[in-house]
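Fold and contact review
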Amino acid sequence: MQSIATLTFAPSLDCATETDVLYPEGKLRCAAPQFEPGGGGINVARAIHMLGGKALAIYPAGGPTGAHLTHLLQQEGLTVDVVTTQDWTRQNLHVFTREQKEQYRFVMPGATLHDEEIHALRQRVAALAAGSLLVISGSLPPGMDVADLVDLLVFARQNHLHCVVDSSGPALEAAVREGGLLLIKPNRKELAALAGTTLDSLEQVVAAARDLIRREVSRYIVVSLGADGALAVSREQQVLATPPAVTALSTVGAGDSMVAALTLKLAERASLEEMLRWGVAAGTAATLRHGTQLCDPQATARLAAEVHIGR
Ligand SMILES: Nc1ncnc2c1ncn2[C@@H]1O[C@H](COP(=O)(O)OP(=O)(O)OP(=O)(O)O)[C@@H](O)[C@H]1O
Ligand SMILES: [Mg+2]
């Protein structure tokens, strides 16, 4: 079993609450706030932990919000490696309206990272054992540009780490340009942006994923297709996994839960089919829960047995 670490550049302390309805000017009386950890890599580490695995969460954190975030993660039993930052960790606000049953997500910019803080994150990566899996997920905060990300990817490769990248926009583009990754998990829209075209049919999705494999961008490409499941492609194989029909309550956290299960199966050196089966099961399991909640392990195991595998 390979060790797993996750890296999050823009973590957050998320505050979730409820109110009857949103309207301007007047006071909106809200329910007592519930605080939860947020950020791509942090959620991947949490979901790995829920699924019975272990992952070290590396992230920058500052101020009382950063301390609160770390406290929440330690309460969940996670092992963390924190780089203390000058800027305070951001707080996002999630408001559920009881009347319309709508979820509003107010997302703040990530805390600014200074050069020495980015350097400190690199040092944490350097301390990981050769052969470990490193999951890089989420957005880049102010102060960090795609060149810093590429530096880090090159550095990770030189240190014999295997990188899993789940991002979008310029960050994903830069990672793809650099190549040599272990796994990327674009959704259909992210893959279309990479391919520079629309992907209307499954054949077009397969062709775009195959093209990335041919260019040695990544050893595995998993394209997530929402309720349709996901497609995995390697140099030798292609697998399509479809979840059973479910009533999705909230798709927030589906992508992170999927990446968690994919990474856990990679660390166990499972087959491509097994990896995808569990990835889809965990993603779909996350949709059975309200709000930002991640995959429940029992639901994941049950769904894994029901995922349909095709080519
Ligand atoms: N409506 C749904 N019904 C069933 N399963 C779903 C649904 N939406 C997502 N999933 C599951 O979660 C996986 C990942 O979802 P999706 O393709 O939406 O990823 P994503 O766009 O990266 O998500 P995120 O918004 O969390 O980043 C899918 O492959 C599927 O297994
Ligand atoms: Mg995603």
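It should be noted that the structure appears before, not after, this text.
Residues numbered from 1 in each chain as written. Chains lettered and ligands numbered in written order. Predicted model: local features only at pLDDT ≥ 70, side-chain atom pairs only at ≥ 80, totals over all residues. Heavy atoms only, no water.

The next point concerns the overall build of the chain. The helix and strand tally for the chain stands at ten helices and 14 strands. Rg of the C-alpha trace for the chain: 19 Å, near the compact-globule value of 19 Å for 311 residues, within the 12% margin. C-alpha extents for the chain along the principal axes are approximately 60 × 45 × 35 Å. Nonlocal contacts in the chain, meaning residues at least 24 apart in sequence, comprise 66% of its contacts between residues at least 6 apart. (Helix = DSSP H or I, 4+ residues; strand = E, 2+ residues; numbered from the N terminus. Rg over C-alpha atoms; globule rule 2.2 N^0.38 Å. Contact = heavy atoms within 4.5 Å.)

In this section: the side chain of histidine 94. Here histidine 94 is to be found in strand 6 (residues 90-97). Filtering out sequence-adjacent residues up to four positions away, histidine 94 remains in contact with Asp14, Cys15, Ala16, Thr17, Glu36, Gln103, Tyr104, Arg105 and Thr292.

Time to look at the site of ligand 1. The environment of ligand 1 is made up of 18 residues, and the closest members are Asn187, Ser224, Gly226, Gly229 and Gly255. At a separation of 3.0 Å, an oxygen atom of ligand 1 approaches a polar side-chain atom of lysine 185. When ligand 1 is considered free in solution it has 630 Å² of accessible area, and contact with the protein chains removes 78% of it. Secondary structure elements with two or more residues in the shell around ligand 1: helix 8 (254-267) and helix 9 (272-287). The biggest single contributor to the shell around ligand 1 is helix 9, with four residues. Split by residue class, the shell around ligand 1 holds seven nonpolar, ten polar and one charged. (Near = heavy atom within 4 Å. Polar contact = N/O pair within 3.5 Å; in protein donor to acceptor, adjacent residues only side chain to side chain. Areas by Shrake-Rupley, 256 points an atom, 1.4 Å probe, with all protein chains shown as cover. Nonpolar A, V, L, I, M, F, W, Y, C, P; charged D, E, K, R; others polar.)

Remember that the coordinates give geometry; whether it matters functionally is a separate question.
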